[in-house]
Protein chains: 2
Amino acid sequence: MTTPEPERDESEFLARYDPREYDPVSVTVDVVALTIRDGALHVLLVRRGGPPYEGMWALPGGFVHAGGPAGADAEDLADAAVRELAEETGLSAKGGVIGRIHLEQLGTYGAPRRDPRMRVISVAYLAFAPELPDPEAGGDAADAAWVPVDALGLTESAAQRPGTTRRLAFDHARILSDGLERARGKLEYTPLATAFCGGEFTIPELRSVYEAVWGEELHAGNFHRKVLSVPGFVESTGETSDRGGRRGGPRPRLYRPGDARLLHPALLRPSREEQIR
Amino acid sequence: MTTPEPERDESEFLARYDPREYDPVSVTVDVVALTIRDGALHVLLVRRGGPPYEGMWALPGGFVHAGGPAGADAEDLADAAVRELAEETGLSAKGGVIGRIHLEQLGTYGAPRRDPRMRVISVAYLAFAPELPDPEAGGDAADAAWVPVDALGLTESAAQRPGTTRRLAFDHARILSDGLERARGKLEYTPLATAFCGGEFTIPELRSVYEAVWGEELHAGNFHRKVLSVPGFVESTGETSDRGGRRGGPRPRLYRPGDARLLHPALLRPSREEQIR
DNA sequence: TAAGTTATTCTCAACTAGAGTTGATCTCCT
DNA sequence: AGGAGATCAACTCTAGTTGAGAATAACTTA
């Protein structure tokens, strides 16, 4: 991105400008990082090493480097999310796996007293990754781990009210809940599921991604037909997997992500009807 | 929302906590307020009364009241958006029209030098309203008006690069572009279009909303059938409009919004195929 | 080798979407 | 007043999509 050039006659104004005139607010980024392990959806959590909420699990995240008046150290929000993710997982931010994972902004949470220390606005990001190595605690985290989402007992009502879910600090239960809903929706109309797989995958592997995220079983035959019929979703490699199904069956064929950015027509969740009203 | 209670043994920590340790950032809200006038989509814009970008058009918005250490004046982000919208339009924030318009968070924009004064993070909101009165300039705005979206000459490429569209200040062309895309998508799978209409509307009126936002004509017969077939989208009042079509035709029937929160099956844009890759 | 599992392909009925048609009702113009 | 043209609402027809089930072949494990 280029910078909008301030008008020339604004220079005097800018010199006299005092940022402290406006209420200062701290801005953090929090990351909902999702992956699939053993067929189940997992989220990356860290255990807080200091107050507030010391000892509780939380989403990885931290303060955005604002850069001060000189703007020297300033970073974009998405860059801050990548940095936090790298710090917490011990993976290097440049190149490597982290450079290829899908990252998108989820939303911003700024309720007045969501952080007991001060006014903190948190910009949440959603990350999808193929299986990543176990994280190593770093930064302020006492511990870090991939936690099965099911084990958190997130319900609609529990996630809405911060404090009722004692498992996650701040309003992170709510953020995680929003992230999961976003992920479920995105699988419907984008080829995002391929971001959970490696470079090559089979249709049944892709189906297991959908089943893990949506939490329901899909009709194997219809799923297969649908995936192949959506233009640009997947692309055949011509190869077959070197191994049959884990409990028997023929060797499935291998595919890689296609060039579509939207799925049309979309793959709709079977259970969608229940949540219409 | 209730407040997460800090742990008791955190009190000493909180007393010594200095917010200034972290880089201060200012947070603003900007609102993309959309309405339909004369069959065309309009956005609410204000002309900036002071630097930076003095004299240029911008989205209505302003600094969030952070509330300082005491937190007395703190407001939630959505509340700030409603306040800014009320200030710029001259409508009262409590009750009345503004209480009923649809408001949702669009995204957060925080590129390092998007504001020449200092590090500013802007949380953008998207608002949909039935036809509102002409705004009166208020706050820092020199002028305010509903501007036809078509007249802004927004293109994909122009919106991406701040500064290239000299019509809008900051990165507001990009924010507006994202807002329009969000609105177009939301019409597909939510009954949002009814928020552009008043309490009662006809099917052709609803269709004109879709046509204005999507920028393409729809098949009247199929649209009619589709709207009536989606459960909970609209609900008949049993009445008919007191006037026929503007250029002849029978009196159309009146409907009000139904109780569905998602449309299933969705109304898909005809032109979607072109933007798949 | 037998039994069980899985990938892939088919079949069939129900449903959905796009395009066009029809008939009634209204406005506007002459 | 009468006719031309526009519009609403309902209907038809066809092509395509979806969901459920079944058939076939390729593999693993006991």
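Computed from a predicted model, the values in this text were never measured in an experiment.

Basis of the calculations
- Residues numbered from 1 in each chain as written.
- Chains lettered and ligands numbered in written order.
- Predicted model: local features only at pLDDT ≥ 70, side-chain atom pairs only at ≥ 80, totals over all residues.
- Heavy atoms only, no water.
- Helix = DSSP H or I, 4+ residues; strand = E, 2+ residues; numbered from the N terminus.
- Buried < 20%, exposed > 50% of the residue type's maximum accessible area, 1.4 Å probe, protein only.
- Contact = heavy atoms within 4.5 Å.
- Near = heavy atom within 4 Å.
- Polar contact = N/O pair within 3.5 Å; in protein donor to acceptor, adjacent residues only side chain to side chain.
- Nonpolar A, V, L, I, M, F, W, Y, C, P; charged D, E, K, R; others polar.
- Core = buried A, V, L, I, M, F, W, Y, C linked by side-chain atoms within 4.5 Å.
- Phe/Tyr/Trp six-rings, centres within 6.5 Å; stacked < 30°, edge-to-face > 60°.
- Domains from an automatic or database assignment.
- Buried area = accessible area lost by both parts, 1.4 Å probe.
- Salt bridge = Lys/Arg side-chain N within 4 Å of Asp/Glu carboxyl O.
- pLDDT = per-residue confidence, 0-100.
- Axes fitted to C-alpha atoms, helices over the stretch in contact; angles between N-to-C directions.
- Parallel < 35°, antiparallel > 145°, perpendicular 65-115°, else oblique.
- Expected span 1.5 Å × (residues − 1).

1. Some remarks on the overall build of chain A
On a plain count of helices and strands, chain A comes out with 6 helices and 9 strands. Per-residue burial for chain A yields a buried fraction of 51% across its 277 residues. By sequence separation, contacts in chain A at least 24 residues apart represent 64% of the contacts at least 6 residues apart.

2. As for the protein's contact with DNA strand D
Close to DNA strand D lie 18 residues, the nearest being His219, Arg225 and Lys226 of chain A together with Pro250 and Arg253 of chain B. Counting only the atoms of DNA strand D that lie within 4 Å of the protein, the sugar and phosphate share comes to 63%. Separating a base nitrogen of DNA strand D from a side-chain N or O atom of histidine 219 of chain A is a distance of 2.7 Å. At 2.6 Å, a backbone N or O of arginine 253 of chain B approaches a phosphate oxygen of DNA strand D. Contributions of two or more residues to the surface near DNA strand D are made by helix H6 (220–229) of chain A together with helix H6 (203–214) and helix H7 (220–229) of chain B. The element best represented in the surface near DNA strand D is H6 of chain A, accounting for 3 residues. Split by residue class, the surface near DNA strand D holds 4 nonpolar, 7 polar and 7 charged.

3. Points about the protein's contact with DNA strand C
Neighbouring DNA strand C are 20 residues, the closest being Arg247, Pro250 and Arg253 of chain A together with Lys226 and Gly249 of chain B. Contacts to DNA strand C include glycine 248 of chain A, whose backbone N or O atom sits 3.0 Å from a sugar or linking oxygen. Residue histidine 219 of chain B places a side-chain N or O atom 2.9 Å away from a base nitrogen belonging to DNA strand C. For the surface near DNA strand C, the secondary structure elements donating two or more residues are helix H5 (203–214) and H6 of chain A together with H7 of chain B. For the surface near DNA strand C, the class distribution of residues is 5 nonpolar, 8 polar and 7 charged.

4. Some thoughts on the nonpolar core
Core analysis: the biggest nonpolar cluster contains 46 residues, and Val27, Ala33 and Leu85 of chain A together with Val27, Ala33 and Leu85 of chain B have the highest contact counts within it. Of all elements in the fold, only strand S1 (26–37), helix H2 (77–89) and strand S6 (120–128) of chain A together with strand S1 (26–37), helix H2 (77–89) and strand S6 (120–128) of chain B reach the threshold of two or more residues within this core. Excluding anything up to four places from it in sequence, valine 27 of chain A contacts Gly62, Phe63, Val64, Ile121 and Val123 of chain A together with Val25, Val27 and Ile121 of chain B. Core analysis: the second largest hydrophobic core is formed by 44 residues, Ile36, Leu152, Leu176 and Phe201 of chain A among them.

5. Structural notes on the packing of aromatic side chains
Under the definition given, this model contains 8 aromatic pairs over all chains. Taken together, a centroid distance of 5.4 Å and an interplanar angle of 65° make the contact between tyrosine 210 of chain B and phenylalanine 223 of chain B edge-to-face. Here tyrosine 210 of chain B is found in helix H6, whereas its partner phenylalanine 223 of chain B is found in helix H7, with 13 residues between them in sequence. Among the residues examined, tyrosine 210 of chain B registers a relative accessible area of 0% and is labelled buried. One aromatic cluster is present, formed by Tyr210, Trp214 and Phe223 of chain A through successive ring pairs.

6. Quick word on the domain arrangement of chain A
Residues and elements named next belong to chain A. Here the domain parsing of chain A yields domain 1 (24–174) and domain 2 (186–276). Taken together, the contacts link 12 residues of domain 1 with 9 residues of domain 2. Between domain 1 and domain 2, roughly 790 Å² of surface is buried when both sides are summed, and carbon and sulfur atoms account for 76% of that area. The tally of links from domain 1 across to domain 2 stands at 1 salt bridge.

7. Details of the confidence of the model for chain A
Detailed reading of the predicted coordinates is not advisable wherever pLDDT is low. All names here are of chain A. Residues with a pLDDT of 70 or more make up 79% of chain A, whose mean pLDDT is 84. Summarising per-element confidence for chain A, the mean pLDDT is lowest in helix H1 (residues 11–16) (43) and highest in H6 (98). For the stretch residues 1–21, pLDDT sits under 50, and the model shows 27 contacts to residues farther than four places along the chain or on other chains.

8. Structural notes on the environment of histidine 172 of chain A
Residue and element names in this part refer to chain A. Counting through the fold element by element, histidine 172 comes out in helix H4 (residues 172–189). C-alpha of histidine 172 to C-alpha of asparagine 222: the two residues are 50 residues apart in sequence and 37 Å apart in space. Among residues more than four places away in sequence, those in contact with histidine 172 are Asp30, Ala58, Leu59 and Arg114. There is a polar contact of 3.4 Å between the side chain of histidine 172 and the side chain of aspartate 30.

9. Structural notes on the environment of valine 227 of chain A
Residues and elements named next belong to chain A. Note on placement: valine 227 falls in helix H6. Taking C-alpha positions, valine 227 is 33 Å from alanine 145, a pair spaced 82 residues apart along the chain. Setting aside residues no more than four positions away along its own chain, valine 227 makes contact with Ile203, Leu206, Phe233 and Val234.

10. Concerning unusual backbone geometry
Here histidine 264 of chain A and proline 265 of chain A are connected by a cis peptide whose omega angle stands at 0°. Structurally, the position occupied by proline 265 of chain A is in the segment after strand S9 (253–257). In the segment running from proline 51 of chain B into proline 52 of chain B, the intervening peptide bond is cis, with an omega of -5°. Structurally, proline 52 of chain B can be placed in the loop between strand S2 (40–48) and strand S3 (57–58). Although it is not a glycine, aspartate 38 of chain B adopts a positive phi angle of roughly 50°. Its location among the elements puts aspartate 38 of chain B in the loop between S1 and S2. The class for aspartate 38 of chain B is exposed, based on a relative accessible area of 79%.

11. Re the packing of H6 of chain B against H7 of chain B
Working note: a packed helix pair is described by the angle between its axes plus the distance between those axes. Residues and elements named next belong to chain B. Two elements in contact, H6 and H7, have axes separated by 10 Å at closest approach and are oriented at 105°. Comparing the axis directions of H6 and H7 gives the class roughly perpendicular. Across the interface between the two elements, Ile203, Leu206, Arg207 and Tyr210 of H6 pack against Ala220, Phe223, His224, Val227 and Leu228 of H7. Taken together, the residues of the contact of H6 with H7 break down into 7 nonpolar, 1 polar and 1 charged.

12. So, H2 of chain B
All names here are of chain B. Compared with an ideal rise of 1.5 Å per residue, which puts 13 residues at 18 Å, H2 spans 18 Å between its outermost C-alpha atoms and is within 8% of the ideal. Inspection of H2 places Leu77, Ala80, Ala81, Arg83, Glu84, Leu85, Ala86, Glu88 and Thr89 among the buried residues, and these make up the whole buried set. Glycine 90 sits one or two positions beyond H2 and adopts a positive phi of about 80°.

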